[in-house]
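# A closer look at the structure
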Amino acid sequence: MLNRTLAPESKQVDEINFIEPLTQQLDNGIPVFTINAGKQELVRIEFIFENVNWDQSKPLQAVAASHLINNGTAKLTARDIAEKVDYYGAFLQTEYGADQSSVKVYTLNKHLAAVLPILRSILNESIFPQQELDIFIQNQKQSLQVSLQKNDFLARKHFAHAIFGDSTYGSNIEAADYDAVQQADLLSYFKAAYKPENCTIIVAGKFEEKEFDLLNNFLGKEWDNHEKSVVNKFEFSGGRKGEVLIERPDAIQSAIRMGALAITRKHKDFPGFQVMNCLLGGYFGSRLMANIREDKGYTYGIGSAVVSLKDAGYFFIATEVGADVCSSALTEIEKEIELLRTEPVTEEELNLVRNYMLGSMLGSLENAFSHADKFKNAYFSGLDYTYYDNYIETVKTITAEELKQLANQYLNPADFTKVVVGKK
Amino acid sequence: MVDFNRFTLANGLRVLVHEDDTTPMAVLNILYDVGARDEEQDKTGFAHLFEHLMFGGSVNIPSYDEPLQRVGGENNAFTSNDITNYYITLPATNLETAFWLESDRMLSLAFSEKSLETQRNVVCEEFKQRYLNQPYGDVWLKLRPLAYKEHPYRWATIGQDLKQIEDAKMDDVKAFFQKHYNPQNAIMVVGGNVKTAEVKALAEKWFEPIPAGERYLRNLPTEPQQKEARQETVTAEVPLNAIYMAFQMPDRVDKDYQVYDLLSDILSQGQSSRLYNSLLKEQQLFSEINAYLTGSIDQGLFIVEGKLVEGVTMEAAEAAIWKELNAIAAEEVTVDELTKVKNKSESIIVFAEMSLLDKAMNLAYYELLGDANLLNTEIHKYHDVTSTRILEVAQRTFVKEQSSILYYLTAQDA
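Along its length, chain A carries 15 helices and 11 strands. The buried share of chain A, reckoned over its 424 residues, is 47%. By sequence separation, contacts in chain A at least 24 residues apart represent 81% of the contacts at least 6 residues apart.

Spelled out as structure tokens, the structure:
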């Protein structure tokens, strides 16, 4: 007779294999890191550029340049670009991140030769037509109006601004900032940022010599942009502590976001911080979820995270809770942090978290794209694969006492910025 | 191409296996053939509430999540108007834990009062977070009852209102389980670094002893052909006026489904699409404009929705949409347009093969539609679409008398 009360035997994950990229260089010096893996005849190519020349008086300069870079070149209109990309079944995405801006293309290999010339044109001869800029400004302002009605958006915005001030990490965008965007600023940003000296290419998918030659052929020649630039560098001193309440009298839920500056991936404590974060609010079984959702039913979801940017790390807890239970939820959150600081975690819970995190790491290496993402995380933090060895070792061996110490060192609610949007 | 093997257990549970040795992980996906369409009209939102209760402990295992996390696994689930789908990903070496957990909750739940009470609250908070406390969040709560008069698609998966969820009783929960959660109403897909023989042995060990239960025979009303245009106006504290237009279309396995899909792509897929270029870029009437299918298993809806640029009247905006719809119903799309959307469909299908979980979910879904191999033949159906068929479908669909139009106005435009 089958005994269903007994769990089957299981093993801790012991082997996690990372695929390290092949390192090459285009003729113009752009480094190319390639994860050549997978069965499908497809590839993702990312052109990644460090954000440069931060100017506080033009907070949307880089954002708008990233957004509009595929909206017209010397040879192609916005529509031509879209028609060609879509015709070949490719996907072209531009992305503005806190530290880098990227242009990525996803395509089937059979269309690579047709798609690369479009990329060449975009990266070399974008002209940022005034008409496209006007449409961008109008539609982004409308979209911002909708976002400003969302409690979680407001909480994110006020939290970021409280800890990062008027840097690009904390940019507190308002409608007027869109109106101030000038075509000339976009062109000058384009010339300063989108150039080979500031570019890294990350490739994932089926990508062999033939494909590399194609890439080199179209993007390995000299580019048009070579203007001087300074890569952004920020320093932060701790931000504004204390409570921020944004009252919305009609709210039926309140958004809560609280946390503080923390360490970056480069810091020796970062992997331990990640274990501590996982325990507190980093997975479905975390203490915050177990208490505030699964026991009290105050929320649909609550979580915490530790984020590593280039010049700063930060920790936060975020949730949306019933407006009537907002104060109780805040009390419970603080209780959970206090518990982490005073009581060592039991071996049983710690083992669960270890196993969960190792399984999660294994599962996050699903395909060529995810291997490339792992490489990027380390590379753009100035680290190599020993970071992951160290991470895995820490997950396996960190002790309850060390976690308690980390909580005392890094999680002090008195130092937190606490934002509540809605009602308290 | 997604390969699979298939067998059926004595109790009627259908099992599919997709072997993929490029990953160290495994996926176990179980689709239950029950969704919000199977609810009674005074107990809506129940299929979804029930999904939450499936994590509240089963007859022999007090906690579902903890033992899974302990072996490095993760899980989640979703409910739609058609189906309820549960999935686990975990290191393949620990596959048996997934069988243990999933089979026990198919056998029977613990039916804990505490879990019911908590999850009622959690789902009410989900209702607020996603539908009530968001600008435009309640659109589908308004649009569904406008577009459907008979079929239970007239309510949303989350339910008609908070009250019906608050009123859910343990007896309802037990009855729902009896009716829908048994092997005959489920499809299991196991994928990843697994072998079919191993999966078969595990399935026989853990799932075959579960009683077959009764087969649920679905007998839902057909939505009658609409004869008169429907229009409704709502106002809310939102910053922009918006329009939502719904047109009746056939079910998911209809021979023309892919024609509809490509029609929506030509109108709205990507920045080269017709609506984007004409309405957003050239005429600048909308700041967002989209066309898509609801993709439901029974008769679906073809949706066109947009947010208006400030100062544009609803009448002008609607007329401009009609102009585009009438144009595509008047003249065949060009060869390039058709090739473009076919190429895009091919890409989307190939890129979806990058994800083990997506493959497993898709196999289960297509098996429910009739045959998992439909996943692999889908691309041919797209290739077979002609511009003539698109024209015919557009003519049949974009008819005023078959439209349901919702004006969603800002408070100051009311």
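Alright, that's what it looks like, and here's the rest.
The next point concerns the overall build of chain B. Scanning chain B from terminus to terminus reveals 15 helices and 11 strands. Taken against the 2.2 N^0.38 rule, which gives 22 Å for 414 residues, the C-alpha radius of gyration of chain B at 23 Å falls within 12% of a compact globule. Overall size of chain B, expressed as C-alpha extent along the three principal axes, is 65 × 45 × 35 Å. Looking at chain B as a whole, 50% of its 414 residues are labelled buried.

Okay, the sheet that holds strand 1 (residues 22-25) of chain A next. All names here are of chain A. Reading across the sheet, the 6 strands line up as 1-2-6-3-5-4 and stay open at both edges, with mixed pairing between neighbours. Two strands in the sheet have a free side with no partner beyond their single neighbour: strand 1 and strand 4 (91-96). Here the average twist between neighbouring strands, direction ignored, is 20 degrees. The strands touched by helix 1 (residues 61-68) are strand 4 and strand 5 (100-108); relative to strand 4, the strand with the most contacts, the crossing angle is about 180 degrees. On top of the sheet, helix 13 (residues 368-379) reaches strand 2 (31-36), strand 3 (42-50) and strand 6 (199-205); it is set at about 150 degrees to strand 6, its chief contact.

By a widespread convention, an interface's size corresponds to the accessible area lost as its parts come together. Counting from both sides, the interface comprises 57 residues of chain A and, opposite them, 61 residues of chain B. Among the elements of the structure, helix 2 (78-87), strand 5, helix 4 (130-147), helix 10 (287-295), strand 9 (299-308), strand 10 (313-322) and helix 12 (347-363) of chain A are those that each provide at least two residues to the side of chain A that touches chain B. The leading source of residues in the side of chain A that touches chain B is helix 12 of chain A, at 8 residues.

This next bit is on the environment of L187 of chain A. Along the chain, L187 of chain A turns up in helix 7 (residues 183-193). Residue L187 of chain A is classed as partly exposed on the basis of its C-beta count, with 14 C-beta atoms lying within 10 Å.

Attention now goes to the pairing of strand 2 of chain A. Looking along a regular strand, one sees side chains alternate from face to face of the sheet. Residues and elements named next belong to chain A. Direction of pairing for strand 1 relative to strand 2: antiparallel, over a ladder of 4 bridges. If you follow Q24 over to strand 2, its bridge partner there is V32. Hairpin connection from strand 1 to strand 2: 5 residues lie between these consecutive antiparallel strands, with G29 at a positive phi of about 95 degrees. As defined by bridge partners, strand 2 adjoins strand 6 across 5 bridges and the pair is classed as parallel. For V32, the partnering residue across the bridge sits in strand 6 and is I201.

Below, the discussion takes up the domain arrangement of chain B. Residue and element names in this part refer to chain B. Domain boundaries in chain B define domain 1 (5-206) and domain 2 (230-413). Here domain 1 and domain 2 have C-alpha centroids that lie 29 Å from each other. Domain 1 puts 31 residues into the contact, and the matching count from domain 2 is 26 residues. Those elements that place two or more of their residues in the side of domain 1 that touches domain 2 are strand 2 (14-19), strand 3 (25-32), strand 5 (84-91), helix 5 (139-147) and strand 6 (186-192).

We now examine the domain arrangement of chain A. All names here are of chain A. Domain assignment breaks chain A into domain 1 (22-219) and domain 2 (242-422). Taking only C-alpha atoms into account, the centre of domain 1 sits 30 Å from that of domain 2. Contact residues are listed per partner, giving 21 residues for domain 1 and 29 residues for domain 2. Residue assignment for the side of domain 1 that touches domain 2 shows that the elements contributing at least two residues are strand 2, helix 5 (151-164) and strand 6.

Mapped onto this numbering, the UniProt entry gives "domain: Peptidase M16 C-terminal" (unreviewed entry) at residues 170-344 of chain B. End C-alpha to end C-alpha, residues 170-344 of chain B measures 48 Å, and it is 39% helix and 22% strand.

Okay, the UniProt feature "domain: Peptidase M16 N-terminal" (unreviewed entry) in chain B next. Under the feature "domain: Peptidase M16 N-terminal" (unreviewed entry), the UniProt entry names residues 14-129 of chain B. Within the segment residues 14-129 of chain B, helix and strand shares are 38% and 24% respectively, and the terminal C-alpha atoms sit 36 Å apart.

Below, the discussion takes up the sheet that holds strand 10 (residues 300-308) of chain B. Residues and elements named next belong to chain B. Spatial strand order, 7-11-8-10-9: 5 strands in an open sheet with mixed pairing. Edge strands, defined here as strands with exactly one partner in the open sheet, are strand 7 (230-236) and strand 9 (286-293). The sheet shows a mean angle of 15 degrees between the axes of neighbouring strands, taken without regard to direction. Note: strand 9 against strand 10, 7 bridges, orientation antiparallel. For F286, the partnering residue across the bridge sits in strand 10 and is L308.

Overall, the predicted model of chain B reaches an average pLDDT of 96, with 100% of residues at or above 70. If you check the scores for this complex, the pTM reads 0.95 and the ipTM reads 0.93.

Turning next to the pairing of strand 6 of chain A. Residue and element names in this part refer to chain A. Among the 7 residues in strand 6, 6 count as buried, and that is most of the element. In the sheet, strand 3 pairs with strand 6 via 7 bridges, with the strands oriented antiparallel. When the sheet's bridge partners are listed, I45 is paired in strand 6 with V203.

A word on the environment of T342 of chain A. Locating T342 of chain A in the fold gives a position in helix 11 (residues 326-342). When the C-alpha positions of T342 of chain A and T94 of chain A are compared, they lie 46 Å apart, and in sequence the two are 248 residues distant.

Tracing the chain through its elements places W223 of chain A in the loop between helix 8 (209-219) and strand 7 (242-247). Sequence separation of W223 of chain A and R120 of chain A is 103 residues, and the distance between their C-alpha atoms is 8.6 Å.

Another aspect to go through is unusual backbone geometry. Residues and elements named next belong to chain B. Notably, F111 is not glycine yet its phi reads approximately 50 degrees, a positive angle. Among the secondary structure elements, F111 is positioned in the loop between helix 3 (95-107) and helix 4 (113-132). On the basis of neighbour count, F111 is assigned to the partly exposed category, with 17 C-beta atoms found within 10 Å. Residues other than glycine seldom take positive phi values, yet Y136 does so here, at roughly 65 degrees. Among the structural elements, Y136 can be located in the loop between helix 4 and helix 5.

Here we take up the UniProt feature "domain: Peptidase M16 C-terminal" (unreviewed entry) in chain A. Here, UniProt's "domain: Peptidase M16 C-terminal" (unreviewed entry) annotation points to residues 181-355 of chain A. Summarising residues 181-355 of chain A: 40% helix, 25% strand, and an end-to-end C-alpha distance of 49 Å.

All names here are of chain A. Where helix 8 is concerned, the buried positions are E211, L215 and L219. Along helix 8, the residues classed as buried sweep out an arc of 45 degrees about the axis, all on the same side. Away from its buried face, by an angle of more than 90 degrees, helix 8 presents the exposed residues E209, K210 and D213. Buried residues along helix 8 sit in contact with strand 3 and helix 3 (112-125).

The rules behind these values
- Residues numbered from 1 in each chain as written.
- Chains lettered and ligands numbered in written order.
- Predicted model: local features only at pLDDT ≥ 70, side-chain atom pairs only at ≥ 80, totals over all residues.
- Helix = DSSP H or I, 4+ residues; strand = E, 2+ residues; numbered from the N terminus.
- Buried ≥ 20, exposed ≤ 12 C-beta atoms within 10 Å, placed from the backbone.
- Contact = placed C-beta atoms within 7 Å.
- Rg over C-alpha atoms; globule rule 2.2 N^0.38 Å.
- Pairing = 2+ DSSP bridges.
- Axes fitted to C-alpha atoms, helices over the stretch in contact; angles between N-to-C directions.
- Domains from an automatic or database assignment.
- UniProt positions renumbered as here; feature names shortened; annotations may be inferred.
- pLDDT = per-residue confidence, 0-100.
- Arc of directions from axis to C-beta.

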